[in-house]
Amino acid sequence: MSEALQKKRKSQISDEERVRDFQRKLYRKAKLEEVYKFYVLYDKIRLPYVLREAYKRCKQNGGSPGVDGVDFTGIEAKGVSKFLEDIRRELETKTYQPDMVRRVYIPKANGKQRPLGIPTIKDRVVQTACKMIIEPIFEADFQDTSYGFRPKKSAAQAVGEIKKNLKEGKDTVYDADLSSYFDTIPHDRLMKVLALRVADRKVLHLIKMWLKAPIKDDDGSVSGGKKNKRGTPQGGVISPLLANVYLNILDRAVNREDGIYRRYGVKIVRYADDFVLMGKCIPYSVLKYTQGLLDKLGLRINNDKSRKVRARIELFDFLGFTFRHDRDKFGRPFKYWNVVPSRKSESRLVDTIRTYLNTHKTTNSRWLCRNLNIKIGGWFRYFTIAGVSYPSVAAYRVEEYLSYKLHKQYKQKSQRKSRLCNQGVYKTLVENYGLEKITNWPKMMAPVNA
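First things first, this report covers the structure right here in the doc. (Residues numbered from 1 in each chain as written. Predicted model: local features only at pLDDT ≥ 70, side-chain atom pairs only at ≥ 80, totals over all residues. Heavy atoms only, no water.)

### Comments concerning the sheet that holds strand 4 (residues 215–217)
The strand order across the open sheet formed by four strands is 2-1-4-5, and the pairing between neighbours is mixed. Strands with a single pairing partner mark the edges of an open sheet, and in this sheet they are strand 2 (113–118) and strand 5 (222–223). With six bridges connecting them, strand 1 (residues 101–107) and strand 2 associate as antiparallel partners. When the bridges of strand 2 are listed, Ile106 appears paired with Arg114. (Pairing = 2+ DSSP bridges. Helix = DSSP H or I, 4+ residues; strand = E, 2+ residues; numbered from the N terminus.)

Structural data, given as C-alpha cells:
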C-alpha cells in the first residue's frame with residue numbers, strides 16, 4: 001500500500017478509533033506477558049490525535065475551572081488547536097509543569113465535608129492523555145472482583161456480585177472502611193507498583209509531578225508540594241486509576257490460589273476504596289492477615305466503621321444499597337435476599353427534592369417537572385438493577401413526600417390557594433405537565449439495566 005493511501009485511510013479514522021486501536025494493542029501485550037515492562041510511552045501521550053481525544057473527553061465531563069480560571073469557552077475563543085499545540089510542545093521539550101490544584105469542599109451525608117481537587121483544564125487534558133495510554137496496561141492486571149472506575153464495570157455489577165455470593169452461602173461479611181484512602185496513599189510505594197509495568201521514566205515523572213502538585217484553597221492558603229509524601233487528590237483525572245493500581249495488591253492477595261483467603265473460601269468485592277470480604281465463615285486469622293497487609297501498604301482501616309456481620313441476621317450497607325434476608329412477602333415459609341436503597345440514600349433523594357423545591361418556588365410548572373424528572377430519574381436509574389434491586393417501596397415513600405411537598409408549595413404561591421391545589425397538585429402535574437409518576441420509575445429503569 002502506498003504511503004499516500006495509508007495517510008488517506010488514517011485521515012478517515014476518528015481520533016477515538018485510533019486511540020481504542022492502540023489501547024487494544026497495549027492490553028493484548030500486557031495480558032500475554034504478565035511481567036513485561038513498557039519503556040516507550042511518553043511520546044504516545046503527546047501525539048496530536050491523543051491530545052485531541054483527551055480534550056474531547058475532558059469537555060464532555062465538564063467541570064469547573066482550576067486555579068487559572070480558564071474554562072472551555074475561553075479556550076475555544078482563542079482556538080483549541082493552538083491550546084493543544086502548546087501542550088504538545090511543552091511535553092516534547094519537557095518544559096511542562098502542572099499548575100496548583102484548586103481545592104473545594106463538597107458536603108457529605110454525615111454533615112462533614114469532602115475535599116475535592118480540581119486541576120486546570122490544561123492539566124486535565126494531559127492527565128487524560130496519560131490515562132488513556134497507561135490504563136490498558138493495568139487493566140490487563142486488574143482482577144474481576146474490582147468494579148470501581150473501570151471501563152465496562154459498574155456499581156450495579158458489584159451489587160449483583162454481592163447478591164450472588166450471598167445466594168451461594170457466603171453470608172458472613174466483613175464490611176471494611178479505609179480511613180481517607182485517597183489522602184493516605186504513600187507516593188514512594190505507589191511509584192514502585194507503577195514501575196513494575198511502566199518503565200518509561202518520563203511517564204513516571206509526569207505522575208510524580210501530579211502527586212506533588214501544590215493544593216490551593218479558595219481562601220488562598222497553599223498546602224502539599226514537593227514535601228508531600230502521601231495522597232492523590234480526589235477530582236484528578238488520573239487519581240481513580242492510581243487508586244485502583246495500588247489496591248490491586250489486595251485484590252490479587254485475596255484471589256491467589258494458595259492464599260489464606262482461598263483456604264477459607266473468602267471472596268472480595270471492591271469498588272474503589274470500598275470493599276467487602278465474604279465467606280461462609282471469616283476467621284480471625286483472615287482479618288488479622290488483612291490488617292497486616294494493609295499496614296504494609298501504609299493504609300488504615302477505620303475500626304469504628306468496619307464490622308463483621310452475619311447477613312442472615314443483620315443487614316449491611318454497601319454503595320448506598322442495603323442487603324437483608326427478608327421473609328417472603330407472599331407468606332411462603334422461606335426467606336430471600338433483598339437488595340434495596342438504604343434509608344440514608346432515600347433520605348438524600350428527599351433532601352434533594354426539598355432543596356430544589358425550596359429554591360425554585362416561582363418556577364414555571366412544566367420546567368419544574370422536567371428538572372424533577374432528571375433528578376428523580378437519575379436516582380432510580382442507579383438503584384434499579386434488573387434481577388437484583390427493585391426499589392418499589394422507596395418509590396411509594398418518595399411519591400408520598402413529593403405529593404405532600406408540592407401541595408404545600410403550590411398552596412403558598414399566593415394569598416389565595418393555587419388552582420392546582422384544588423385539583424390535586426401531584427396528580428395534575430403528572431397528567432398535564434409531564435411529571436413522571438414516581439412509582440413508574442422502577443418499571444421504566446429495569447430494562448435499561450437488564
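### Things to note about the packing of aromatic side chains
Per the counting criterion, the structure on display carries 13 aromatic pairs. Ring pairs connect the aromatic residues Phe321, Trp379, Phe380, Tyr382 and Phe383, which therefore count as one cluster. Sitting above the plane of the Tyr49 ring, Arg18 keeps its charged end 4.1 Å from the centroid. (Phe/Tyr/Trp six-rings, centres within 6.5 Å; stacked < 30°, edge-to-face > 60°. Lys NZ or Arg CZ within 6 Å of the ring centre and 35° of its normal.)

### Observations concerning the packing of helix 4 (residues 48–61) against helix 7 (residues 121–139)
Interhelical geometry of helix 4 versus helix 7 gives an angle of 115 degrees and a closest axis separation of 8 Å. Taken together, the axis directions place helix 4 and helix 7 in an arrangement best described as roughly perpendicular. Between helix 4 and helix 7 lies a crossing whose hand is right-handed. On the side of helix 4, the interface is formed by Val50, Leu51, Glu53, Ala54, Tyr55, Arg57 and Cys58, while helix 7 contributes Arg124, Val125, Thr128, Ala129, Met132 and Ile133. Classifying every residue of the contact of helix 4 with helix 7 by side-chain character gives nine nonpolar, one polar and three charged. (Axes fitted to C-alpha atoms, helices over the stretch in contact; angles between N-to-C directions. Parallel < 35°, antiparallel > 145°, perpendicular 65-115°, else oblique. Left-handed = near helix turned anticlockwise from the far one by under 90°. Contact = heavy atoms within 4.5 Å. Nonpolar A, V, L, I, M, F, W, Y, C, P; charged D, E, K, R; others polar.)

### What about the layout of surface pockets?
Size it by volume and the second largest pocket reaches roughly 460 Å³. Forming the boundary of the second largest pocket are 19 residues, of which Glu34, Asp141, Arg197, Asn248 and Arg252 lie nearest the centre. Elements supplying a minimum of two residues to the lining of the second largest pocket: helix 2 (15–32) and helix 12 (239–255). Here the lining of the second largest pocket takes five residues from helix 12, the largest share from any one element. Classifying every residue of the lining of the second largest pocket by side-chain character gives nine nonpolar, three polar and seven charged. (1 Å grid on protein atoms, 1.4 Å probe; cavity = no way out; pocket = protein on both sides within 12 Å on 5 of 7 lines; lining within 4 Å. Points joined across faces, edges and corners; volume = space filled by probe spheres on them.)

### Regarding the pattern of salt bridges
Under the defined criterion, the tally for this structure stands at 33 salt bridges. Across the salt bridge formed by Lys44 and Asp43, the nearest N and O atoms sit 3.3 Å from each other. Its relative accessible area of 30% is what places Asp43 among the partly exposed residues. The partner of Glu139 in a salt bridge is Arg150, and the shortest N-O contact between them spans 2.9 Å. Here Glu139, found in helix 7, pairs with Arg150, found in the loop between helix 7 and helix 8 (155–167); they are 11 residues apart in sequence, far enough to count as distant. Among the charged side chains, a network of salt bridges with common partners joins Lys82, Glu85, Asp86, Arg88, Arg89 and Glu92. (Salt bridge = Lys/Arg side-chain N within 4 Å of Asp/Glu carboxyl O. Buried < 20%, exposed > 50% of the residue type's maximum accessible area, 1.4 Å probe, protein only.)

### What about empty space enclosed by the protein?
Under the counting rule described, the total for this entry stands at one cavity of 30 Å³ or more. Computed from the structure, the largest cavity encloses a volume of approximately 120 Å³. Considering the residues around the largest cavity, the lining is formed by 15 residues, among which Val101, Gln127, Trp210, Pro233 and Gly236 are closest to the centre. For the lining of the largest cavity, the secondary-structure elements that each account for two or more residues are helix 7, helix 11 (201–212) and helix 12. Grouping the constituent residues of the lining of the largest cavity by class yields nine nonpolar, four polar and two charged.

In short, the description is geometric, and any link to function would need to be established separately.
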